[in-house]
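Notes for the structure review
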Amino acid sequence: MMNKQGRPTGLNTAANLSPNSFTTHTGNRGLEQDELLIYEIGDTQRTGVDLEDLPVFESRLGGITRDNEIGLAGLSEPEVMRHYTRLSRKNYAIDMGLYPLGSCTMKHNPRINEKVARLPGLADIHPLQPISTVQGALELMDRLAHWLKTLTGMPAVAMSPKAGAHGELCGLMAIRAALDKRGENRTIVLAPESAHGTNPATAALCGYKVKSIPANKAGRVDLRALKDALGPDVAAIMLTNPNTCGLFERDIIDIADAVHAAGGYFYCDGANFNAIVGKVRPGDLGVDAMHINLHKTFSTPHGGGGPGAGPVVLSEALAPFAPVPYVIHGKDGFEMVEHVTGGGESFGRMTAFHGQMGMNIRALAFMMSHGSDGLARVAEDSVLNANYVMASLQDIMTLSFEGPCMHECLFDDRFLEGTGVTTLDFAKAMIDEGYHPMTMYFPLVVHGAMLIEPTESESKQSVDQFIGALRHLVTQAKSGNSALFTGAPYLAPLKRLDETLAARNPVLRWRKED
Ligand SMILES: *Cc1c(COP(=O)(O)O)cnc(C)c1O
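All values reported here derive from a predicted model rather than from experimental measurement. (Residues numbered from 1 in each chain as written. Predicted model: local features only at pLDDT ≥ 70, side-chain atom pairs only at ≥ 80, totals over all residues. Heavy atoms only, no water.)

A closer look at the overall build of the protein
The helix and strand inventory of the protein stands at 15 helices and 13 strands. Relative to its length of 514 residues, the protein is compact, with a C-alpha radius of gyration of 26 Å against a globular reference of 24 Å. Projecting the C-alpha coordinates of the protein onto the three principal axes gives extents of approximately 80 × 75 × 45 Å. Expressed as a percentage of the 514 residues in the protein, the buried residues total 45%. Looking at the protein alone, contacts between residues at least 24 apart form 69% of all its contacts between residues at least 6 apart. Accessible surface, the protein: about 27,200 Å² in total, of which carbon and sulfur atoms supply 55%. Averaging the coordinates of the 46 positive side-chain charges in the protein and doing the same for the 57 negative ones gives two points 2 Å apart. (Helix = DSSP H or I, 4+ residues; strand = E, 2+ residues; numbered from the N terminus. Rg over C-alpha atoms; globule rule 2.2 N^0.38 Å. Buried < 20%, exposed > 50% of the residue type's maximum accessible area, 1.4 Å probe, protein only. Contact = heavy atoms within 4.5 Å. Areas by Shrake-Rupley, 256 points an atom, 1.4 Å probe, with all protein chains shown as cover. Lys, Arg positive; Asp, Glu negative; His and termini not counted. Charge placed at Lys NZ, Arg CZ, Asp CG, Glu CD.)

Brief notes about the packing of aromatic side chains
Tallied over the entire structure, the rule returns six aromatic pairs. Where Phe 415 meets Phe 426, the ring centres are 5.8 Å apart and the plane angle is 85°; that geometry is what we call edge-to-face. Here Phe 415 is found in the loop between β11 (409-412) and α12 (423-432), whereas its partner Phe 426 is found in helix α12, with 11 residues between them in sequence. Phe 426 carries the same exposure label as Phe 415, and that label is buried. Plain terms: the ring middles of Tyr 435 and Phe 466 are 5.1 Å apart, the flat faces sit at 80° to each other, and that makes the pair edge-to-face. With Tyr 435 in the loop between α12 and β12 (439-440) and Phe 466 in helix α13 (residues 460-478), the pair connects residues that are 31 residues apart, well separated along the chain. Overall, Tyr 435 belongs to the buried group, its relative accessible area being 8%. Owing to a relative accessible area of 0%, Phe 466 belongs among the buried residues under this scheme. By way of ring pairs, the aromatic residues Phe 415, Phe 426 and Phe 485 are connected into one cluster. (Phe/Tyr/Trp six-rings, centres within 6.5 Å; stacked < 30°, edge-to-face > 60°.)

Side note on the sheet that holds strand β4 (residues 234-240)
Two strands in a sheet stick together by hydrogen bonds in their backbones, pointing the same way (parallel) or opposite ways (antiparallel). Across the sheet, seven strands lie side by side as β1-β7-β6-β5-β4-β2-β3; this open sheet has mixed pairing. A strand with exactly one partner marks an edge of an open sheet, and here the two such strands are β1 (156-158) and β3 (209-213). On average, each strand axis in the sheet is inclined to that of its neighbour by 25°, with strand direction left out of account. Where helix α6 (residues 164-182) meets the sheet, it contacts β1, β2 (188-192), β4, β5 (265-269), β6 (289-291) and β7 (312-314), and its direction lies at approximately 175° from that of β5. Lying on the sheet, helix α9 (residues 252-261) is in contact with β4 and β5; it crosses β5 at an angle near 140°. (Pairing = 2+ DSSP bridges. Axes fitted to C-alpha atoms, helices over the stretch in contact; angles between N-to-C directions.)

Comments concerning empty space enclosed by the protein
The tally for this structure, following the rule as stated, stands at four cavities of 30 Å³ or more. Put simply, the largest cavity is a space of about 50 Å³. When grouped by side-chain class, the residues that make up the lining of the largest cavity number eight nonpolar, one polar and one charged. (1 Å grid on protein atoms, 1.4 Å probe; cavity = no way out; pocket = protein on both sides within 12 Å on 5 of 7 lines; lining within 4 Å. Points joined across faces, edges and corners; volume = space filled by probe spheres on them. Nonpolar A, V, L, I, M, F, W, Y, C, P; charged D, E, K, R; others polar.)

Description of the nonpolar core
One recurring pattern in soluble globular proteins is that nonpolar side chains are buried together. The biggest cluster of nonpolar side chains holds 60 residues, and the ones touching the most others in it are Leu 148, Leu 190 and Phe 298. Elements supplying a minimum of two residues to this core: α5 (135-152), β2, α8 (223-229), β4, α9, β5, β9 (333-337) and α11 (357-393). A per-element tally of this core places α11 first, with 11 residues. Aside from chain neighbours lying at most four places away, what touches Leu 148 is Val 157, Met 159, Ile 292, Leu 294, Phe 298, Pro 311, Val 313 and Met 367. One finds Leu 98, Met 450, Ala 469 and Leu 473 within the second-largest nonpolar core, a separate group that totals 31 residues. (Core = buried A, V, L, I, M, F, W, Y, C linked by side-chain atoms within 4.5 Å.)

Here's the deal with the pairing of β9
In this sheet, β9 lies alongside strand β8 (residues 326-330) in antiparallel orientation, the contact comprising five bridges. Counterpart to Ile 328 in the pairing with β9 is Glu 335. The turn joining β8 and β9, which pair antiparallel and follow one another in sequence, is formed by two residues.

Regarding the environment of Ser 59
Within the secondary structure, Ser 59 is located in the loop between α1 (38-41) and α2 (77-90). For Ser 59, a relative accessible area of 37% translates into the label partly exposed. Reaching out from Ser 59, the side chain makes a polar contact with the backbone nitrogen of Leu 61 at a distance of 3.1 Å. (Polar contact = N/O pair within 3.5 Å; in protein donor to acceptor, adjacent residues only side chain to side chain.)

Here's the deal with the packing of α6 against helix α7 (residues 198-205)
Packing of α6 against α7 brings their axes to within 9 Å, and their N-to-C directions diverge by 45°. Taken as axis vectors, α6 and α7 run oblique relative to one another. The interaxial crossing formed by α6 with α7 has right-handed handedness. Mapping the contact onto sequence places Ala 165, Glu 168, Leu 169 and Leu 172 in α6 and Thr 198, Asn 199, Thr 202, Ala 203 and Leu 205 in α7. A per-class count over the contact of α6 with α7 returns five nonpolar, three polar and one charged. (Parallel < 35°, antiparallel > 145°, perpendicular 65-115°, else oblique. Left-handed = near helix turned anticlockwise from the far one by under 90°.)

Concerning the side chain of Thr 202
Along the chain, Thr 202 turns up in helix α7. Engagement of the side chain of Thr 202 in a polar contact is seen with the side chain of Glu 168, the distance being 2.9 Å. Ignoring anything within four residues of it in the chain, the contact list for Thr 202 reads Ala 165, Glu 168, Leu 169, Leu 172 and Met 238.

A closer look at α5
Helix length check: α5 (18 residues) gives 26 Å between terminal C-alpha atoms against 26 Å at 1.5 Å per residue, within 8%. Among the residues of α5, those classed as buried are Ala 137, Leu 138, Leu 140, Met 141, Leu 144, Ala 145, Leu 148, Leu 151 and Thr 152. For α5, the buried positions fall inside an angular range of 155° around the axis, keeping them on one side. Positive backbone phi, at 65°, marks Gly 153, one or two positions downstream of α5. (Expected span 1.5 Å × (residues − 1). Arc of directions from axis to C-beta.)

With respect to the site of the ligand
The environment of the ligand is formed by 13 residues, the closest being Ser 103, Gly 164, Asp 269, His 295 and Lys 296. At 2.8 Å, a backbone N or O of Ala 165 approaches an oxygen atom of the ligand. The side chain of His 196 places a nitrogen or oxygen atom 3.5 Å from a nitrogen atom of the ligand. Within the complex, 86% of the 380 Å² of free accessible area of the ligand lies under protein. (Near = heavy atom within 4 Å.)

Observations concerning the layout of surface pockets
As a volume, the largest pocket reaches approximately 1,700 Å³. Surrounding the largest pocket, 50 residues form its lining, Arg 89, Lys 90, Asn 91, Tyr 92 and Ala 93 being those nearest its centre. Elements supplying a minimum of two residues to the lining of the largest pocket: α2, α3 (111-117), α12 and β12. Counting residues per element, the lining of the largest pocket draws most heavily on α12, at five residues. Taken domain by domain, the lining of the largest pocket gets at least three of its residues from each of domain 1 (112-367) and domain 2 (372-503). (Domains from an automatic or database assignment.)

Nothing here speaks to function; it is geometry throughout.
Here you go:
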């Protein structure tokens, strides 16, 4: 095949060798190297470094001294470099292509963030250093906290939670502390059907019973069902907005009012804040607590690329119960409050130190490089891109709920009816086309869900290419070419793995074969 300039491209179908069955002597494919386990490459008798023998010393390990060989494989430096580089090339990454995983906000991580996070004055400090030597770092946290409060219209923020789910835990613990203070033992947390799995999991971990609220035909919380479920036993509702169908909860103010009137608190899952940042302040909607996934909205690497961070903004009612530690303005500069002192209402401590400093730096760099107008553009462009995808595919795929959508669009598997192709098959065929699949089978409110989030950092050209690939696959499925799907992926280094077996019987430890 030739491209428009006459340059050869694609598969050389002239040869009678099928790429699917083509095997090589080495197991390598083209310039992609096959890779063994590190234990299969090295062995215990080799080492990449030359260390002097240890001097004789008195062990202070008592009875726990190892009495056998540790059994680690020794590799040379070039072997180590190649091992990890080869593995990394098998991995899909946001730096390789569009990554449409709905709800996960896989957008570009600007390199300015990385540059700033690596500055020695920020990267090489330690949480146990004297406070007077880390004033700059504390000022950075204070400034990030200021902007998070400003963007959300909330009076307080807990900076230490280390992920969205950790933030949910923080929020529910603050809610329970507030209820304890009121002397009320409420036992139920309400969660809409479309809730992210972390919501009911968090509520259960905190000892609450979870009651599910159905969605209405428009993919939003059924307000009548919600009102019926409210009562003196309800501690809180956990609601995602925009929700996991990619839709704005239009009744959100009525929902907040109803929950408050029943004496409960409103926890908002803020993972989708990138759709409304700079446009809507959750504080104006009646939210009491909301986590912000810095790694989603404010672009810090995640999904195998790095740890996240989940600061939680809190309303006036919940602010006193925020966890320690937190930064305050002291008379000689910034100080950290590390302990709950007499009369303090903080529910305690969630982390050893103060949270994910590296992510705080990246998030502030993202905010400052965008400015307030740029952050509003983030929301506008993420919503524009998702609606463009929705509008370009809705004639051949089945849209679950009428649009317009927010930052992601939800399709279901009705368009595959009678083709013998499932959502899973369709997703696997996307891998052959060079795309990480969209989020599948979530949310649970529709059958065979396909949730697509292009994010704002994709160009029109890249979104068009993605739409073209999906239209091609849909046409193939509808024209009866089901083998293209049921055997996919044909071109990936690994094919369909037995995911159930892997989950039920994971082999996590390498054992030497006898
Ligand atoms: C990502 C996400 C979470 C969980 O956040 P983590 O940082 O992965 O713990 C919770 N709710 C929604 C809607 C999400 O998209």
